[in-house]
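Each chain is listed here by its residues.
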Amino acid sequence: MDRLNPDSLYCSPEALAEYKKMNERAINNQKEGGVNEEEDTDTLNIPGYKASFCNAGDGKGIATYTKDTFGHCEDQVGEKHQIVMFSSATLDSIHVYRSSASSIQDVTEALLSLIDEEKATLISGDFNICLKKNPKNTLSRELMERGFTQLNLDPTHIEGGQIDHIYFKDNKNTFKKPDLLHYSPYY
């Protein structure tokens with residue numbers, strides 16, 4: 001390793017060109033931010049899944065992809081947070097986007113109103129609360145007191161923050177503990 005000259009390392013022009021094209025077309029890297037309400041979402045479809053979009057303005061909202069076993073139950077759309085719920089016979093799946101300006105207490109109360117204690121529940125989303133900096137925040141504490149386990153233990157933000165949470169509870173042991181697969185094709 002001592003004989004390795006760092007100046008001898010370089011990227012191929014083809015790889016740099018592809019990197020530039022990926023950055024230009026990445027939805028999460030657009031100046032407008034995400035999907036807007038007028039945008040044709042057909043290009044965002046995934047074969048075999050039903051796409052649902054809950055938009056609250058440019059760059060604000062949730063995209064959910066489900067199989068036929070899940071039905072859409074409810075949307076709670078606010079200016080600073082969005083919550084959507086899908087349900088199957090055995091599992092409720094709740095998805096959250098909370099802007100950093102949204103009230104943590106409001107989101108906590110909205111979530112608690114959706115939880116069916118008799119059913120397995122998965123709650124996931126971008127909560128904009130860093131669990132590394134604030135592990136005992138109101139929302140996490142309320143869910144943990146109700147028997148939820150926070151599954152995501154790794155950073156999810158480019159700057160090392162842990163702002164994406166995944167909570168799971170299954171009082172009847174209908175499911176094994178879910179496996180969490182991190183997929184970060186962009187970074």
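Scroll up to find the structure this text is about.
Residues numbered from 1 in each chain as written. Predicted model: local features only at pLDDT ≥ 70, side-chain atom pairs only at ≥ 80, totals over all residues. Heavy atoms only, no water.

**Q** Describe in detail unusual backbone geometry, supporting the description with residues and values.
**A** For Asn128, which is not glycine, the phi torsion reads 50 degrees and is therefore positive. For Asn128, the location among the structural elements is in the loop between strand S6 (120-126) and helix H3 (138-145). Positive phi, close to 55 degrees, is recorded for Asn173, a residue that is not glycine. Its location among the elements puts Asn173 in the segment after strand S8 (164-169). (Helix = DSSP H or I, 4+ residues; strand = E, 2+ residues; numbered from the N terminus.)

**Q** Tell me what's going on with the packing of aromatic side chains, and back it up with residues and numbers.
**A** What the rule picks out here adds up to 2 aromatic pairs. Ring geometry for Phe53 against Tyr65: centres 6.4 Å apart, planes inclined by 85 degrees, an arrangement best described as edge-to-face. With Phe53 in strand S1 (residues 50-55) and Tyr65 in strand S2 (residues 61-66), this residue pair connects regions lying 12 residues apart in the sequence. Overall, the relative accessible area of 29% leaves Tyr65 in the partly exposed class. Taking the centre distance of 6.0 Å and the plane angle of 90 degrees together, the rings of Phe127 and Tyr167 count as edge-to-face. Here Phe127 is found in the loop between S6 and H3, whereas its partner Tyr167 is found in strand S8, with 40 residues between them in sequence. Side by side, Phe127 and Tyr167 carry an identical accessibility label, which is buried. For Lys67, the ring lying beneath its charged end belongs to Tyr49, and the centroid distance is 4.4 Å. (Phe/Tyr/Trp six-rings, centres within 6.5 Å; stacked < 30°, edge-to-face > 60°. Buried < 20%, exposed > 50% of the residue type's maximum accessible area, 1.4 Å probe, protein only. Lys NZ or Arg CZ within 6 Å of the ring centre and 35° of its normal.)

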